[in-house]
Amino acid sequence: MKTFYRPVDCQSRAAMTDFLENHFRYYTANGYNCAQSYACSMKLYELGFDIETESKLLDMLDTQGFYDARRQFLMGFGERHNFQWLAGMNGRSGGYLVLYQGELKPTGYKSYCLECGQMNFTTVEETGNVCGKCGKPSRRNICGTDMQIHIFPGKGTDDDADFAQWSMEELRERVRLVQDFDRLADDLVQEAVFFAQNYAVQDEEYQVTRTRKVLVPIG
């Protein structure tokens with residue numbers, strides 16, 4: 001089975017430079033803007049799975065449970081790097097794990113509705129506790145500052161970097177970041193194996209209740 005992480009001699013400028021310059025890269029948005037960043041190809045047929053595991057995972061990719069588990073790993077990576085660095089899937093079929101730059105920014109929301117989840121830019125003290133969407137007196141102030149993750153999909157990382165001009169500590173910092181990114185890829189592979197070994201996919205029928213407007217006679 002394919003692994004992505006590999007050790008690097010962080011006392012050697014040549015070793016660190018070689019690692020960064022020759023690491024696989026992929027587009028951060030698409031091929032038209034040409035911006036690229038460090039990446040790992042997560043295409044199933046390239047990961048060295050046996051035929052049975054690969055077939056099971058192909059069925060699992062579209063399930064909510066598989067998506068939620070992967071999202072937890074991606075969020076954990078962002079948290080470790082204060083959301084200045086994020087990992088996300090890209091490619092026509094989402095087959096590439098890509099390192100993105102990002103940030104946390106205040107949303108400006110100051111309150112929310114417990115009933116319907118409607119967010120509001122004013123506090124309860126300013127405009128009362130009645131929700132403007134559902135009309136119920138269930139608005140509550142948000143504790144602290146509501147933050148939102150922002151990603152920069154059109155921004156590349158080290159596209160034109162001249163590593164010869166970087167200090168040793170700058171090189172070590174970047175190598176450690178990319179190594180942590182590669183460990184994330186390995187973790188995702190291991191999680192996929194766990195799912196394939198412990199779960200099966202089956203079809204489930206469900207009904208969706210929808211609301212529509214109809215004409216009714218008066219009186």
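Residues numbered from 1 in each chain as written. Predicted model: local features only at pLDDT ≥ 70, side-chain atom pairs only at ≥ 80, totals over all residues. Heavy atoms only, no water.

Draft legend 1. Up close: the overall build of the protein. The secondary structure content of the protein amounts to five helices and eight strands. With respect to the principal axes defined by its C-alpha atoms, the protein has extents near 85 × 50 × 35 Å. For the protein, the share of sequence-separated contacts (at least 6 apart) that also reach a separation of at least 24 residues comes to 64%. Total accessible area on the protein stands at roughly 14,600 Å², and carbon and sulfur atoms take up 48% of it. Each charge class in the protein was averaged separately, 24 positive and 31 negative side chains, and the resulting centres sit 8 Å apart. (Helix = DSSP H or I, 4+ residues; strand = E, 2+ residues; numbered from the N terminus. Contact = heavy atoms within 4.5 Å. Areas by Shrake-Rupley, 256 points an atom, 1.4 Å probe, with all protein chains shown as cover. Lys, Arg positive; Asp, Glu negative; His and termini not counted. Charge placed at Lys NZ, Arg CZ, Asp CG, Glu CD.)

Draft legend 2. Inspection of the packing of helix 3 (residues 64–80) against helix 5 (residues 168–198) at higher detail. Relative orientation of the contacting elements helix 3 and helix 5 amounts to 160°, with a least axis distance of 11 Å. When the axes of helix 3 and helix 5 are compared, the pair comes out roughly antiparallel. Note that helix 3 runs across helix 5; the crossing there is right-handed. Residues G65, F66, A69, R70, F73, L74, F77 and R80 of helix 3 form the contact with helix 5, whose own contacting residues are L177, D180, F181, L184, D187, L188, E191, A192 and F195. Tallied by class, the residues present in the contact of helix 3 with helix 5 amount to 11 nonpolar, one polar and five charged. (Axes fitted to C-alpha atoms, helices over the stretch in contact; angles between N-to-C directions. Parallel < 35°, antiparallel > 145°, perpendicular 65-115°, else oblique. Left-handed = near helix turned anticlockwise from the far one by under 90°. Nonpolar A, V, L, I, M, F, W, Y, C, P; charged D, E, K, R; others polar.)

Draft legend 3. The arrangement of a negative patch on the surface in detail. On the surface, D59, D62, D203 and E205 cluster together into a patch of negative charge. Among the structural elements, D59 can be located in helix 2 (residues 51–60). (Patch = residues over 30% accessible without salt bridge, like charges linked within 9 Å, V, L, I, M, F, W, Y side chains within 5 Å. Salt bridge = Lys/Arg side-chain N within 4 Å of Asp/Glu carboxyl O.)

Draft legend 4. Representation of the nonpolar core within the structure. Among the nonpolar cores identified, the biggest contains 37 residues, and L20, M42, L57, F77 and L97 are the most heavily contacted of them. Top element by residues in this core is helix 5. It accounts for 13 residues. If near-sequence neighbours (up to four positions away) are discounted, L97 is found in contact with Y38, A39, C40, M42, L74, A87, G88, M89, F181, L184, A185 and L188. Counting residues in hydrophobic clusters, the runner-up holds seven residues, among them A39, F83, L86 and V98. (Core = buried A, V, L, I, M, F, W, Y, C linked by side-chain atoms within 4.5 Å. Buried < 20%, exposed > 50% of the residue type's maximum accessible area, 1.4 Å probe, protein only.)

Draft legend 5. Geometry of the pairing of strand 4 (residues 96–106). Note: strand 2 (residues 36–41) against strand 4, three bridges, orientation antiparallel. Considered in strand 4, the bridge of S41 is made with Y96. Here six bridges tie strand 3 (residues 85–90) to strand 4, and the two strands are oriented antiparallel to one another. Across the sheet, the residue bridging to L86 is Y100, located in strand 4. (Pairing = 2+ DSSP bridges.)

Draft legend 6. Inspection of the environment of W166 at higher detail. Secondary-structure assignment places W166 in the loop between strand 8 (147–151) and helix 5. Taking the relative accessible area as the measure of exposure, W166 reaches 18% and is therefore buried. With 149 residues separating them in the primary sequence, W166 and T17 have C-alpha atoms 9.7 Å apart. Apart from the residues within four sequence positions on either side, W166 is in contact with R13, D158, A161, L171 and R174.

Draft legend 7. Layout of the packing of aromatic side chains. Within the structure shown, the criterion is met by 10 aromatic pairs. On the basis of an interplanar angle of 20° and a centroid distance of 6.0 Å, the ring pair of F24 and Y96 is categorised as stacked. With a gap of 72 residues between them, F24 in the loop between helix 1 (13–21) and strand 1 (25–27) and Y96 in strand 4 connect regions that are remote in the sequence. What makes Y96 buried here is its relative accessible area of 14%. Ring centres 3.9 Å apart and planes at 15° place the aromatic pair Y26 and Y96 in the stacked group. (Phe/Tyr/Trp six-rings, centres within 6.5 Å; stacked < 30°, edge-to-face > 60°.)

Draft legend 8. Representation of helix 2 in the model. Along helix 2, the positions that sit buried rather than exposed are T53, L57 and M60. Projection of helix 2 onto a plane perpendicular to its axis shows the buried side chains occupying an angular sector of 55°, all on one side. The outward face of helix 2, more than 90 degrees from its buried face, is lined by the exposed residues I51 and E52. Packed against the buried residues of helix 2 are helix 3 and helix 5. For helix 2, the side-chain oxygen to backbone nitrogen distance between the N-cap and E52 is 3.1 Å, and the N-cap itself is D50. (Arc of directions from axis to C-beta. Polar contact = N/O pair within 3.5 Å; in protein donor to acceptor, adjacent residues only side chain to side chain.)

That's the geometry; what it means functionally is another story.
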